[in-house]
Amino acid sequence: MCGIVGAVAQRNVVPILLEGLRRLEYRGYDSAGLVIINGGLQRVRSIGRVASLTADCAAQQVHGHIGIAHTRWATHGAPTESNAHPHVSGGLAVVHNGIIENHEELRSRLKGAGFSFASETDTEVIAHLIELYYRQSKDLLDATRKAAAELEGAYAIGVVSEDSPNRLVCARKGSPLLIGLGIEENFIASDVSALLPVTQRVMYLEEGDVADIGLLSVNVFDAAGNKVDRSVHISELSADMAELGNYRHFMQKEIHEQPRALTDTLLIAVAQDHIQPEWFGFDAAEILGKVDAVTFLACGTSFHAAKVATYWLEEIAGIPAHAEVASEYRYRTSVPNPNALIVTISQSGETADTLAALNHAKSLGQDKTLTICNVPESALTRASRLKFLTRAGPEIGVASTKAFTTQLAGLFLLTLVLAKLRGRLTPAQEVEHLTALRSLPNKLQQVLALEPEVEAWSHRFANKNHALFLGRGVHYPIALEGALKLKEISYIHAEAYPAGELKHGPLALVDEDMPVITIAPNDQLIGKLKSNLQEVRARGGELYVIADGDVGIEESEFVHVIKLPGGHNGALSPILHTVPLQMLSYHAALQKGTDVDKPRNLAKSVTVE
Ligand code: G6P
């Protein structure tokens with residue numbers, strides 16, 4: 001969703017801000033803008049892509065040594081130029097991520113104080129509120145601090161003023177914001193990837209922090225106004241990790257990066273001879289040793305990873321597990337279990353619903369918390385006692401691919417750790433699982449080699465309006481994920497069902513226009529699955545089967561089969577069966593000509609409820 005970049009430097013910051021916004025495009029947005037202080041405020045805003053903002057800046061020859069920039073994903077007010085950030089009041093300008101919940105009350109108060117509003121946004125109240133206090137103290141830090149104290153909701157804000165041409169003030173609560181440290185230049189951003197071309201040295205702001213940033217100084221104050229030190233991290237990400245290279249789309253690149261991403265994620269485990277709780281944190285043995293159930297809280301693709309893990313945990317570790325959609329959990333009356341392990345899963349680490357669900361779980365006295373996350377120092381990793389970092393690297397495509405398979409890898413390790421702690425693994429099984437994990441990246445590489453066959457299927461999907469995905473057992477969540485991928489990027493309506501449910505409703509939809517994509521691993525349910533497929537064929541449905549090499553389902557006119565190399569892959573099978581579905585949705589989207597990496601209406605980091 002929205003993105004923030006700010007810079008104060010001795011050089012022209014406009015290219016830095018525009019490149020930063022370009023790097024934040026993946027989060028999803030519908031307008032962009034910047035303000036540069038050069039004598040007075042110079043503001044340029046544009047609906048649509050950062051490229052058009054870049055062209056406008058070039059046309060207007062905007063340049064200067066300090067500025068703030070923003071990509072906006074509309075919440076309050078349509079994606080128009082007047083609603084685009086930065087918003088100005090007097091001589092100061094503000095960019096904002098998050099939602100101000102008391103904006104209506106503040107708006108009427110500020111109108112009463114004589115301010116007039118030029119937009120429908122909640123952000124504009126922040127600009128006027130800071131201006132109100134600035135008139136009294138003539139101090140940007142003081143005014144921002146006072147205004148921030150009155151804001152309810154979530155915010156990350158950047159503020160500049162034409163009276164202070166070397167000063168960038170920022171604040172955060174509920175939305176992420178970090179400071180990038182350069183040499184005689186400093187930056188702010190909502191996401192480290194925006195700053196990678198200029199610095200890898202970053203300082204993450206904590207809840208309620210306000211910072212005063214100059215060319216040579218960075219001063220951070222906590223919510224109580226005390227000057228505080230926040231540690232400096234060196235980001236492991238490099239600027240070119242977020243580049244497309246030879247690929248046509250980030251989604252395609254990220255699908256193909258999965259063997260590398262899994263290798264990196266599993267490194268912590270496969271280098272060892274034994275399963276170790278410490279993979280999840282130094283005190284993990286103590287915490288995990290006490291849990292008697294697992295509750296997963298997640299959204300979207302991460303929720304599907306959670307669903308897979310529930311099957312693994314009950315079968316391998318013998319521990320009750322259930323997965324909840326994070327946005328639902330918070331608002332229902334649940335029965336808290338203080339001995340449950342609360343596991344949040346998130347590629348971004350900042351999904352508002354998941355964060356709120358975690359806080360809700362804690363407020364119910366459930367304090368054994370773990371997050372499986374792709375972003376170190378994210379809100380979720382900081383709010384959880386235990387963490388496991390997936391090492392997928394930046395995922396730019398909105399539709400999650402490598403983040404999902406690395407989440408599954410992390411969840412499988414969790415399963416093994418809990419199984420071991422509960423005495424459910426023999427030493428031989430331990431070795432067997434670690435050996436299987438070691439060969440996973442190679443097997444995945446072999447599955448990627450099936451891309452031409454998957455692409456050939458995709459040609460038949462471009463003119464379809466609906467598709468049905470079937471799976472059974474632990475592969476049912478993979479069917480859900482396949483359906484989600486297809487709808488996200490090709491806009492083909494897709495549903496997923498456990499194959500046994502077919503006869504209880506969805507079979508009524510099956511005819512020659514409804515492709516039925518089926519995951520067919522050679523497991524104990526294969527016989528029953530074959531019967532389910534006969535039910536489809538008997539109604540004229542066309543089958544697309546992704547099968548293990550030895551299941552014995554043969555091609556015919558209306559039965560298309562792609563065979564994964566070798567036989568059944570045991571517990572790791574869902575990870576391998578995911579990849580053809582990712583490739584199918586990618587190629588179907590190419591056939592339809594949709595915007596693969598930035599599907600309409602969707603955002604990569606969903607920081608609002
Ligand atoms: C958005 C993204 C999805 C993602 C979901 C949950 O909808 O487009 O790809 O699965 O959020 O995000 P999280 O960062 O918590 O995994």
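So, on to the layout of surface pockets. By volume, the largest pocket is sized at about 730 Å³. At the level of elements, strand E15 (232-234), helix H7 (258-270) and helix H12 (379-383) are the ones that each hand at least two residues to the lining of the largest pocket. Across the lining of the largest pocket, the residue classes tally to 16 nonpolar, 12 polar and 12 charged. In this structure, the second largest pocket spans a volume of roughly 620 Å³. Surrounding the second largest pocket, 25 residues form its lining, Ala-154, Gly-174, Ala-352, Leu-355 and Asn-359 being those nearest its centre. Every element with two or more residues in the lining of the second largest pocket is listed here: strand E8 (164-173), helix H11 (352-363) and H12. Broken down by element, the lining of the second largest pocket gets its largest block of residues, five residues, from H11. Taken together, the residues of the lining of the second largest pocket break down into nine nonpolar, seven polar and nine charged.

Enumeration according to the criterion identifies four aromatic pairs in this entry. Centre to centre, the rings of Phe-280 and Phe-388 are 5.3 Å apart; their planes meet at 35°, and the pair counts as tilted. Residue Phe-280 is located in the loop between H7 and helix H8 (284-289), and its partner Phe-388 is located in strand E20 (residues 386-389); the two are separated by 108 residues in the primary sequence. Ring geometry for Trp-457 against Tyr-544: centres 5.1 Å apart, planes inclined by 75°, an arrangement best described as edge-to-face. Note that Trp-457 is positioned in helix H15 (residues 451-458) and Tyr-544 in strand E24 (residues 542-548), a separation of 87 residues in sequence. Neither residue differs from the other here; Trp-457 and Tyr-544 are each classed as buried. Members of the aromatic cluster, connected to one another through ring pairs, are Trp-457, Phe-461 and Tyr-544. Sitting over the face of the ring of Phe-221, Arg-145 holds its NZ or CZ atom 4.8 Å from the ring centroid.

Turning our attention to the site of the ligand. Close to the ligand lie 13 residues; Ser-302, Ser-346, Gln-347, Ser-348 and Thr-351 are nearest. The separation between an oxygen atom of the ligand and a polar side-chain atom of Ser-302 is 2.6 Å. Here an oxygen atom of the ligand sits 2.7 Å away from a polar atom, N or O, in the side chain of Ser-346. Expressed as a share of its isolated accessible area of 390 Å², the protein-covered part of the ligand is 92%. The leading source of residues in the shell around the ligand is helix H9 (residues 300-317), at three residues.

Conventions used here
- Counting restarts for each chain, with residues numbered from 1 along the sequence as it is written.
- Per-residue local features of the predicted model are confined to residues with pLDDT of at least 70, and side-chain atom pairs are confined, for both listing and counting, to 80 or more; whole-chain, interface and lining totals are unaffected and use all residues.
- Only hydrogens and water are set aside when side-chain values are computed; all heavy atoms of the structure are taken into account.
- Using only the protein atoms, space was sampled on a 1 Å grid; points where a 1.4 Å probe fits but cannot get out form cavities, open sets with protein on both sides within 12 Å along at least five of seven lines form pockets, and lining residues are those with an atom within 4 Å of a point.
- Grid points are joined across faces, edges and corners, and a volume is the space filled by probe spheres set on the points.
- Strands are runs of DSSP state E lasting at least two residues, helices are runs of H or I lasting at least four, and both sets are numbered from the N terminus onward.
- Ten residues, namely Ala, Val, Leu, Ile, Met, Phe, Trp, Tyr, Cys and Pro, are considered nonpolar, four, namely Asp, Glu, Lys and Arg, are considered charged, and the remaining ones, Gly among them, are considered polar.
- Between 30 and 60 degrees the pair is tilted, below 30 it is stacked and above 60 it is edge-to-face, where a pair is any two Phe, Tyr or Trp rings, Trp via its six-membered ring, whose centres lie within 6.5 Å.
- Categorising residues by exposure relies on relative accessible area from a 1.4 Å probe, with only protein chains included: less than 20% of the type maximum marks a residue as buried, more than 50% marks it as exposed, and the intermediate range marks it as partly exposed.
- Two conditions define a charge located above a ring, namely a distance within 6 Å from the ring centre to NZ of Lys or CZ of Arg, and an angle within 35 degrees of the ring normal.
- A cutoff of 4 Å decides nearness: a residue is near a molecule or strand if any of its heavy atoms lies inside that distance of it.
- Any pair of N or O atoms that falls within 3.5 Å is considered a polar contact. Within protein, one atom must be able to donate a hydrogen and the other to accept it, and sequence-neighbouring residues count only if both atoms are side-chain atoms.
- Where accessible areas are quoted, they stem from the Shrake-Rupley method and a 1.4 Å probe; at the residue level, only the protein chains shown are allowed to cover.

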